[in-house]
Amino acid sequence: IFTIASRNYLHYARVLMRSVRNVSPDWDRFVLLADLIDGAFDPACEDFHVVEARTLPVPEPQKFFFRYTILELNTAVKPWFFRHLFALGYERVIYLDPDIFVYSPMREVEQTLENGALVVLLPHLTGRILDSAHPGEHEILQSGTYNLGFCAMARHPDLESLLNFWCEKSLRDFVVDAQRGLFTDQRWMDL
């Protein structure tokens, strides 16, 4: 299981990883740091593996890291880290946003992946929004069908194809641009 955080969100990542450790102590836990450690903390003192995003094999990394806001960058590195973890030999990989807390084992997710699913996603909506509060249906349409604050994937015949597509789109298109109908990686996963 992994999350992605910048140093200013590291406290969230620590709480998430502690919650995962408490309910699934045998799971390997990773935090992909979108910026640099740069002496801000000691990764050896953490109870999860810390990997700096700059170590990922992204083409033209200086352009890639300069192109995005910190929010966009935190999503743009996600498919690259999925690819990295599968290359390490993992059969199933789960991503959670750092501001999530896990209260119980994710048995349904594990079973779905073990039963042959390539990916498990969460929809933003499972029914109509009938009030005028925000976000409403229009905002959900703009941000995408699925909330990629959670994404679980398994080794599957179509995994490489999906990761190739996702990584390719991450190079330029994981922007927040409502006028163009884009919200980071979420709209791309609709496809």
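Please refer to the structure placed before this passage.
Owing to the predicted nature of the structure, the values given are computational and were not obtained by experimental measurement. (Residues numbered from 1 in each chain as written. Predicted model: local features only at pLDDT ≥ 70, side-chain atom pairs only at ≥ 80, totals over all residues. Heavy atoms only, no water.)

A.B. asks: Lay out the overall build of the protein chain in plain terms, naming residues and giving numbers.
C.D. replies: Of regular secondary structure, the protein chain possesses eight helices and eight strands. On C-alpha atoms alone, the protein chain measures out to a radius of gyration of 17 Å, which is about the 16 Å that the 2.2 N^0.38 rule sets for 191 residues. Taken along the three principal axes of its C-alpha coordinates, the protein chain extends 50 × 40 × 35 Å. Across the 191 residues of the protein chain, 46% fall into the buried class. Long-range contacts, defined here as pairs at least 24 residues apart, represent 65% of the contacts in the protein chain between residues at least 6 apart. Here the protein chain has roughly 10500 Å² of accessible surface; of this, 52% comes from carbon and sulfur atoms. Here the protein chain contributes 18 positive and 26 negative side-chain charges, whose respective centroids are spaced 3 Å apart. (Helix = DSSP H or I, 4+ residues; strand = E, 2+ residues; numbered from the N terminus. Rg over C-alpha atoms; globule rule 2.2 N^0.38 Å. Buried < 20%, exposed > 50% of the residue type's maximum accessible area, 1.4 Å probe, protein only. Contact = heavy atoms within 4.5 Å. Areas by Shrake-Rupley, 256 points an atom, 1.4 Å probe, with all protein chains shown as cover. Lys, Arg positive; Asp, Glu negative; His and termini not counted. Charge placed at Lys NZ, Arg CZ, Asp CG, Glu CD.)

A.B. asks: Describe in detail the environment of F101, supporting the description with residues and values.
C.D. replies: Note that F101 resides in the loop between β4 (92–96) and α5 (107–114). With 88 residues separating them in the primary sequence, F101 and A13 have C-alpha atoms 9.4 Å apart.

A.B. asks: Before we move on, could you go through the pattern of salt bridges and cite the residues and values that matter?
C.D. replies: Evaluated as defined, the whole model comprises eight salt bridges. A salt bridge links E160 to R83; its shortest N-O distance comes to 3.2 Å. Placement of the pair is E160 in helix α7 (residues 159–170) and R83 in helix α4 (residues 78–87), with a sequence separation of 77 residues. For E91, the salt bridge identified is with R155, shortest N-O distance 3.2 Å. (Salt bridge = Lys/Arg side-chain N within 4 Å of Asp/Glu carboxyl O.)

A.B. asks: Please give an account of unusual backbone geometry that cites residues and values.
C.D. replies: Cis geometry is adopted by the peptide bond preceding P135, which originates at H134 and carries an omega value of 0 degrees. Relative to the assigned elements, P135 resides in the loop between β5 (119–123) and α6 (137–143). We note that D38 has phi near 45 degrees; this positive angle belongs to a residue other than glycine. As for its placement among the helices and strands, D38 is situated in the loop between β2 (30–33) and β3 (49–52). Of note, E60 is a non-glycine position whose phi angle comes to about 45 degrees, a positive value. Positionally, E60 belongs in the loop between β3 and α2 (61–67).

A.B. asks: Go over the pairing of β4, please, and point to the residues and values.
C.D. replies: Counting buried positions along β4 gives four out of five residues, so the element sits mostly inside the fold. By the bridge criterion, five bridges tie β4 to strand β6 (residues 146–154) in an arrangement that is antiparallel. Residue pairing for β6: I94 is matched across the bridge by A152. (Pairing = 2+ DSSP bridges.)

A.B. asks: Give a detailed account of the packing of α4 against α7, specifying residues and quantitative values.
C.D. replies: In contact at an axis separation of 8 Å, α4 and α7 are set at 145 degrees when each is read in the N-to-C sense. For the crossing formed where α4 meets α7, the hand is left-handed. When α4 is examined against α7, the residues K78, P79, W80, F82, R83 and F86 are found in contact with a partner set consisting of L159, E160, L163, N164, W166, C167 and S170. (Axes fitted to C-alpha atoms, helices over the stretch in contact; angles between N-to-C directions. Left-handed = near helix turned anticlockwise from the far one by under 90°.)

A.B. asks: Which residues make up helix α1 (residues 10–23), and what values do they have?
C.D. replies: Given a rise of 1.5 Å per residue, 14 residues ought to cover 20 Å, and the 20 Å separating the end C-alpha atoms of α1 matches this to within 8%. Buried residues of α1: L10, A13, L16, M17, S19, V20 and V23, and no others. Of the surrounding elements, those touching the buried residues of α1 are β1 (2–5), β2 and β4. (Expected span 1.5 Å × (residues − 1).)

A.B. asks: Help me get a handle on a nonpolar patch on the surface, residues and values and all.
C.D. replies: On the surface, a nonpolar cluster with roughly 340 Å² of combined accessible area is contributed by V15, F101 and Y103. Position of V15 among the secondary structure elements: in helix α1. In this structure V15 comes out as partly exposed when scored by relative accessible area, which is 35%. (Patch = residues over 30% accessible without salt bridge, like charges linked within 9 Å, V, L, I, M, F, W, Y side chains within 5 Å.)

A.B. asks: Residues and numbers for the packing of aromatic side chains, please.
C.D. replies: All told, the structure shown has ten aromatic pairs when counted by the stated rule. Here the aromatic rings of F30 and F81 are separated by 6.0 Å at their centres, their planes lie at 70 degrees, and the arrangement is edge-to-face. Taken together, the residues span a long stretch of sequence, with F30 in strand β2 and F81 in helix α4 at a distance of 51 residues. Judged by relative accessible area, which is 7%, F30 ranks as buried. For the pair F64 and F65, a centre-to-centre distance of 5.4 Å together with 80 degrees between the ring planes defines the contact as edge-to-face. What makes F64 buried here is its relative accessible area of 0%. Judged by relative accessible area, which is 23%, F65 ranks as partly exposed. (Phe/Tyr/Trp six-rings, centres within 6.5 Å; stacked < 30°, edge-to-face > 60°.)

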